Amino acid sequence: MIRTQRLAAGVCALLAALTAGIAFPAGAVADETDQAAPKVELVLDVSGSMRTRDIDGGSRMAAAKQAFNEVLDATPEEVQLGIRTLGANYPGDDRKVGCKDTEQLYPVGPLNRTEAKTAVATLAPTGWTPIGPALQQAATDLDGGDGTRRIVLITDGEDTCQPLDPCEVAREIAAKGIGLTIDTLGLVPDAKTRDQLICIADATGGTYTSVQHKEELTDRVGELVDRAAEPVVTPVATEGATECAKAPALKAGLYTDREEFGQQRWYKVDLNPGQELRASVSVAADRAVNPDYGVLLRAVTVHGREIVRGEATGNGRTDVLSTGLRYPKPESDDDTVTAESVCLQVTNSFSVAAGVKTTPGLPLELTLDVVDGPSRASDVAAFGLGRGWWLLGALVLTGFVAGLLWGWLSRWRVAVWRTN
């Protein structure tokens, strides 16, 4: 019985390891050392509505200032931090002027806590809420460098400078492939503000938080600044081709791209004999999409023959759809055999309702890893179990023998009972 349990545990562990190997290839993790300094810009709404006194008996502006002071004290030394405001200077009614009211209060760079606190102390609720223009300028403030880049937007209302939709601005920022994340915090938000801030965050893979109290605001902003200092894998922006012959040649790593609705994207990987290709792809629905959709990842030869595929379907309950595949190339005794070019095709079947913008395309993340293959490539191709087939066979045989013995013992006990 103990032996059977151990065999079962071994099979389960192997299956878990193989599954993890497809979803998170070990070699795809980039070097996390010697990274550029992380950059964070806090974007604060200083519009007139920030005078409202509904956060622990004080104004929203007072809560934001207190949070900033505490966060500035706790900011890690390695983080380069800046502050940008929106609606802080123009008190008039000219919408055109008010929608340009965004400025960098403190430049992104090594933090001088005293200067940053002094700058924040001078703020007073004033004007409009130009979130879209502020995000555009904040992305420019953080331009350059390869380290983590994060915008933390704190506001109490939706953008008042339409038709420049801040959600579309966030999508355009994400489409540049610069690895910039926007996190949003809503101060006592209404439904429209909440929906807009969620859309902004989703477009760049950020987070949204609703804030009702001062401590919540301080804790959350501090967490986001600290998160920027954590080692991360920065995806490399690439652009897939429309056919295999023109596909970009990629190495092991993490890549980002944009894929139009119903479009095919092609990438190419070189694989030597005795190596194994592990690939996974995730496509995110960063806007409202119709239910029932799918993602297909295929590995094919340069001549168009399909080698292996992975596919996944969804019904509207998730924002990200992922699938993966593995392809082990057998070793060869012929020294003249060279590397094989494997083409990867990514296809999606997302669709949107009329009126929903289809550009830029959906964000796509591709993870590639090339590792030494198993001793027998055919093992892995067999349902991904690899050498687990030996353990599975032993488990089946053990169960069969145990069943026979148990049946014989039961019949013998019944016979003895009837005789007595």
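Residues numbered from 1 in each chain as written. Predicted model: local features only at pLDDT ≥ 70, side-chain atom pairs only at ≥ 80, totals over all residues. Heavy atoms only, no water.

1. With respect to the overall build of the protein
(1) Moving on: Along its length, the protein carries ten helices and 17 strands.
(2) Moving on: The 420 residues of the protein split such that 46% are buried.
(3) Moving on: A total accessible area of about 21100 Å² is found for the protein, and carbon and sulfur atoms account for 54% of it. (Helix = DSSP H or I, 4+ residues; strand = E, 2+ residues; numbered from the N terminus. Buried < 20%, exposed > 50% of the residue type's maximum accessible area, 1.4 Å probe, protein only. Areas by Shrake-Rupley, 256 points an atom, 1.4 Å probe, with all protein chains shown as cover.)

2. Here we look at the nonpolar core
(1) Moving on: Judged by nonpolar contacts, the single largest core of 34 residues is most densely connected at Leu44, Ile154 and Leu217.
(2) Moving on: Mapped onto this core, the elements with two or more residues apiece are β1 (39–45), α2 (60–74), β4 (80–86), β5 (102–109), α4 (113–121), β6 (149–155), β7 (180–187) and α8 (214–228).
(3) Moving on: At seven residues, α2 tops the list of elements feeding residues into this core.
(4) Moving on: Every residue in contact with Leu217, bar those within four places of it in the chain, is listed here: Ala63, Ala64, Ala67, Ile154, Leu185, Leu187 and Val211.
(5) Moving on: Within the second largest apolar cluster, 28 residues are counted, among which are Val269, Leu271, Val281 and Leu321. (Core = buried A, V, L, I, M, F, W, Y, C linked by side-chain atoms within 4.5 Å. Contact = heavy atoms within 4.5 Å.)

3. A look at the packing of aromatic side chains
(1) Moving on: Applying the stated rule across the entire model yields one aromatic pair.
(2) Moving on: Measuring from centroid to centroid gives 4.5 Å for Tyr293 and Phe350, while their planes differ by 20 degrees, and the two rings are stacked. With Tyr293 in strand β13 (residues 293–301) and Phe350 in the loop between β16 (340–348) and β17 (362–372), this residue pair connects regions lying 57 residues apart in the sequence. (Phe/Tyr/Trp six-rings, centres within 6.5 Å; stacked < 30°, edge-to-face > 60°.)

4. Thoughts on the environment of Val43
(1) Moving on: Among the secondary structure elements, Val43 is positioned in strand β1.
(2) Moving on: Taking C-alpha positions, Val43 is 8.4 Å from Thr155, a pair spaced 112 residues apart along the chain.

5. So, the environment of Val281
(1) Moving on: Residue placement: Val281 occurs in strand β12 (residues 275–284).
(2) Moving on: Note on Val281: relative accessible area 1%, which makes it buried.
(3) Moving on: The sequence separation of Val281 and Gly324 amounts to 43 residues, and the corresponding C-alpha distance is 6.2 Å.
(4) Moving on: Discounting residues that sit within four places of it in the chain, Val281 has contacts with Val295, Leu297, Leu321, Ser322, Thr323, Val346, Leu364, Glu365 and Leu366.

6. Here we look at the side chain of Thr301
(1) Moving on: As for its position among the elements, Thr301 is in strand β13.
(2) Moving on: Residues contacting Thr301, with those up to four places away along its chain left out, are Cys244, Ile307 and Glu340.

7. Quick look at the sheet that holds strand β14 (residues 306–314)
(1) Moving on: Strand order in the open sheet formed by four strands is β11-β16-β13-β14, and the pairing between neighbours is antiparallel. Bordering the open sheet on either side are β11 (264–271) and β14, each of which pairs with just one other strand. If you compare each strand with its neighbour and ignore which way they point, the axes differ by 15 degrees on average.
(2) Moving on: Where β11 meets β16, eight bridges bridge the pair, whose relative direction is antiparallel. (Pairing = 2+ DSSP bridges. Axes fitted to C-alpha atoms, helices over the stretch in contact; angles between N-to-C directions.)

8. Topic: the state of the cysteines
Between two cysteines, a covalent bond joining their sulfur atoms is known as a disulfide.
(1) Moving on: Scanning all chains against the criterion turns up three disulfides.
(2) Moving on: Two residues share a disulfide in this structure: Cys167 and Cys199, whose sulfurs sit 1.6 Å from each other. Judged by the sign of its S-S torsion, about -55 degrees, the cystine formed by Cys167 and Cys199 is left-handed. Separated by 32 residues along the polypeptide, Cys167 in helix α6 (residues 166–175) and Cys199 in helix α7 (residues 191–203) bring together distant segments of the chain. There is no split in this pair, since Cys167 and Cys199 are both buried.
(3) Moving on: Residue Cys244 pairs covalently with Cys343 via a disulfide, S to S 1.9 Å. As the torsion about the S-S bond is roughly 55 degrees, the Cys244-Cys343 disulfide counts as right-handed. (Disulfide = S-S within 2.5 Å.)

9. Digging into a nonpolar patch on the surface
(1) Moving on: A contiguous nonpolar patch, built from Leu397, Phe400, Val401, Leu404 and Leu405 and spanning about 520 Å² of accessible area, is present on the exposed surface.
(2) Moving on: Looking at where Leu397 falls in the secondary structure, it is placed in helix α10 (residues 388–419).
(3) Moving on: Note on Leu397: relative accessible area 56%, which makes it exposed. (Patch = residues over 30% accessible without salt bridge, like charges linked within 9 Å, V, L, I, M, F, W, Y side chains within 5 Å. Salt bridge = Lys/Arg side-chain N within 4 Å of Asp/Glu carboxyl O.)

10. Some points on the pattern of salt bridges
Side chains bearing opposite charge may pair, as long as their charged atoms lie close to each other.
(1) Moving on: The final tally for this structure, using the stated rule, is 18 salt bridges.
(2) Moving on: A salt bridge links Arg84 to Glu41; the shortest N-O distance between them is 3.9 Å. Taken together, the residues Arg84 in strand β4 and Glu41 in strand β1 connect sequence positions 43 residues apart. In this structure, Arg84 and Glu41 share a single accessibility class: buried.
(3) Moving on: In this structure, the salt-bridge partner of Glu306 is Arg298, at a minimum N-O distance of 2.8 Å.

11. Comments concerning the confidence of the model for the protein
(1) Moving on: Chain-level statistics for the protein give a pLDDT mean of 84 and a share of 85% at 70 or above.
(2) Moving on: Scored below 50 in pLDDT, residues 1–34 shows 42 contacts in the model against residues more than four places distant or in partner chains.
(3) Moving on: The low-confidence segment residues 377–381, where pLDDT is below 50, has twelve contacts with residues more than four positions distant or belonging to other chains. (pLDDT = per-residue confidence, 0-100.)

12. With respect to the pairing of β7
(1) Moving on: Of all eight residues that make up β7, eight are buried, and the element is covered over most of its length.
(2) Moving on: Covered by surrounding structure in β7 are Leu180, Ile182, Thr184 and Gly186 together with Thr181, Asp183, Leu185 and Leu187, the residues of both alternating faces.
(3) Moving on: In this structure, β6 lies alongside β7, joined through seven bridges in parallel fashion. Its bridge partner lying in β7, Arg149 is registered against Leu180.
(4) Moving on: Assessed by its sense of winding, the connection that carries the chain from β6 through α6 to β7 is right-handed.
(5) Moving on: Note: β7 against strand β8 (residues 208–211), four bridges, orientation parallel. If you follow Gly186 over to β8, its bridge partner there is Ser210.
(6) Moving on: Handedness of the crossover joining β7 and β8 through α7: right-handed. (Right-handed = clockwise from strand over helix to strand, strands pointing away.)

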